[in-house]
Amino acid sequence: MTDAAAIHEEIRALVAERDAVVLAHNYQRPEVQDVADFVGDSLGLSRQAAATDASVIVFAGVHFMAETAKILSPDKTVLMPEPRAGCPMADMLTGEQLAAWREEHPGVPAVTYVNSSAEVKALSDICCTSANAVEVVRSLGAPKVLFGPDRNLAVWVGQQLPEVEIVAWDGWCPTHDEVSAEEVREAMERHPSAEVIVHPECQPWLTSLADAVLSTSQMLRYAAESAADEFIVITEEGLLHGLAKAAPGKRFVNLTPRMICPNMKVTTIEKVRDSLAGMHTAIEVDPGVARAALGAVERMVALG
Ligand code: CIZ
Ligand code: SF4
């Protein structure tokens, strides 16, 4: 048995012993995805966290995702194998900043990307993910909305809904924002018949040349259903593992150098095992903040 297979066995035994469920994000290391009960995007994993009967949720992802699981399931123990896994974009908008921003725009609803802290969610009218941002903003029927923290997703949503004035916070994802035009041009020259699929956290020049702008869950579906058999995939490289499973036999080209979110890679199978064995690190959210944040998350989940 390989080392990885032995650790997988240890993890599965601990999962049963602890009455746990392991949730892994689409950007996690392949061997972490392979040991999880569910792999998905933050919306899908939030749904799993809300629906599970297990008493312990082990969250292989970044901090805001584990916090969202705790907000949805306050009575469960939510463990992060590597609690230092943060999201730099989420740190770009603080609760204090959002409160001040809202004061500058009285009466304007605030839509917050789930890539944000519990404090920020608690001060928001509704959350969204990259999979449902357009639908969420449309559902408000408002002529103007504040949208944070991702400026690129804000522009993308505004292009889909020209009737809504989107006021964007100036945050961004370092992994998706820093793709160079040269890399994309070279990949397109090397693979002229490939479809270009781009995540909406990328800059507008890049989403405007895409064949499709999609969240990770949408990319998995799209690749399986499209008539094309080759794709240039412009999102965090962890998704390539899921794409190969979702559309076997198709070819997926990542950019060089590869797009990697360092925070998504700090969780390893060894850390997943150790967190279950030692029951650490439990994520806590202040109950008052969690109650207020739950409203914004539930309004999003209720949209379907
Ligand atoms: O919503 C998510 O999980 C993220 C961060 C990306 C995506 O498109 O799925
Ligand atoms: Fe945050 Fe970007 Fe990493 Fe996602 S890929 S967790 S948005 S830094």
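Quick note: structure is the one above.
Because the structure is predicted, anything quoted here is derived from the model rather than measured.

(A) Summary view of the site of ligand 1. Taken together, the residues surrounding ligand 1 are His-25, Tyr-27, Asp-41, Ser-42, Asn-115, Ser-130, His-199, Ser-215 and Thr-216. Within the side chain of His-25, a nitrogen or oxygen atom sits 2.6 Å from an oxygen atom of ligand 1. In the complex, 98% of the free accessible area of ligand 1, which totals 270 Å², lies under the protein chains. Comparing atom positions with the cavity grids shows ligand 1 to sit within the largest pocket. Residue classes in the shell around ligand 1 are distributed as one nonpolar, seven polar and one charged.

(B) Region of the structure containing the side chain of Glu-183. Its place among the elements puts Glu-183 in helix α10 (residues 181-190). No salt bridge is formed by the buried Glu-183; its nearest oppositely charged neighbour, Arg-190, is found at 8.8 Å. Residues in contact with Glu-183, not counting those within four places in the same chain, are Leu-255, Thr-256 and Pro-257.

(C) Region of the structure containing the site of ligand 2. Close to ligand 2 lie Val-62, Cys-87, Pro-88, Asn-115, Cys-173, Glu-201, Cys-261 and Met-264, which account for all nearby residues. Using a 2 Å cut-off from the grid points, one finds that ligand 2 occupies the largest pocket.

(D) Spatial organisation of the nonpolar core. With 62 residues, the main nonpolar core has Phe-147 and Ile-234 as its most contacted residues. The greatest single-element share of this core, amounting to five residues, is contributed by helix α4 (residues 63-72). In this view, Ile-234 contacts His-176, Val-179, Val-184, Val-196, Ile-197, Val-198, His-199, Cys-202, Leu-206, Met-219, Leu-255 and Met-259; residues no more than four positions away in its chain are not counted. Counting 17 residues, the second-largest nonpolar core is a separate cluster that includes Ala-20, Ala-36, Leu-79 and Val-272.

(E) The sheet that holds strand β12 (residues 251-253), seen in detail. Taken together, the four strands give an open sheet; going across it, the order is β10-β9-β11-β12, and neighbouring strands pair in parallel fashion. The open sheet terminates on both sides in strands that have one partner only, identified here as β10 (212-213) and β12. Taken together, the two bridges between strand β9 (residues 195-198) and β10 define a ladder with parallel strand orientation. Bridged to Val-198 within β10 is Val-213.

The rules we used
Residues numbered from 1 in each chain as written. Chains lettered and ligands numbered in written order. Predicted model: local features only at pLDDT ≥ 70, side-chain atom pairs only at ≥ 80, totals over all residues. Heavy atoms only, no water. Near = heavy atom within 4 Å. Polar contact = N/O pair within 3.5 Å; in protein donor to acceptor, adjacent residues only side chain to side chain. Areas by Shrake-Rupley, 256 points an atom, 1.4 Å probe, with all protein chains shown as cover. 1 Å grid on protein atoms, 1.4 Å probe; cavity = no way out; pocket = protein on both sides within 12 Å on 5 of 7 lines; lining within 4 Å. Sits in = over half its atoms within 2 Å of the grid points. Nonpolar A, V, L, I, M, F, W, Y, C, P; charged D, E, K, R; others polar. Helix = DSSP H or I, 4+ residues; strand = E, 2+ residues; numbered from the N terminus. Buried < 20%, exposed > 50% of the residue type's maximum accessible area, 1.4 Å probe, protein only. Lys, Arg positive; Asp, Glu negative; His and termini not counted. Salt bridge = Lys/Arg side-chain N within 4 Å of Asp/Glu carboxyl O. Contact = heavy atoms within 4.5 Å. Core = buried A, V, L, I, M, F, W, Y, C linked by side-chain atoms within 4.5 Å. Pairing = 2+ DSSP bridges.

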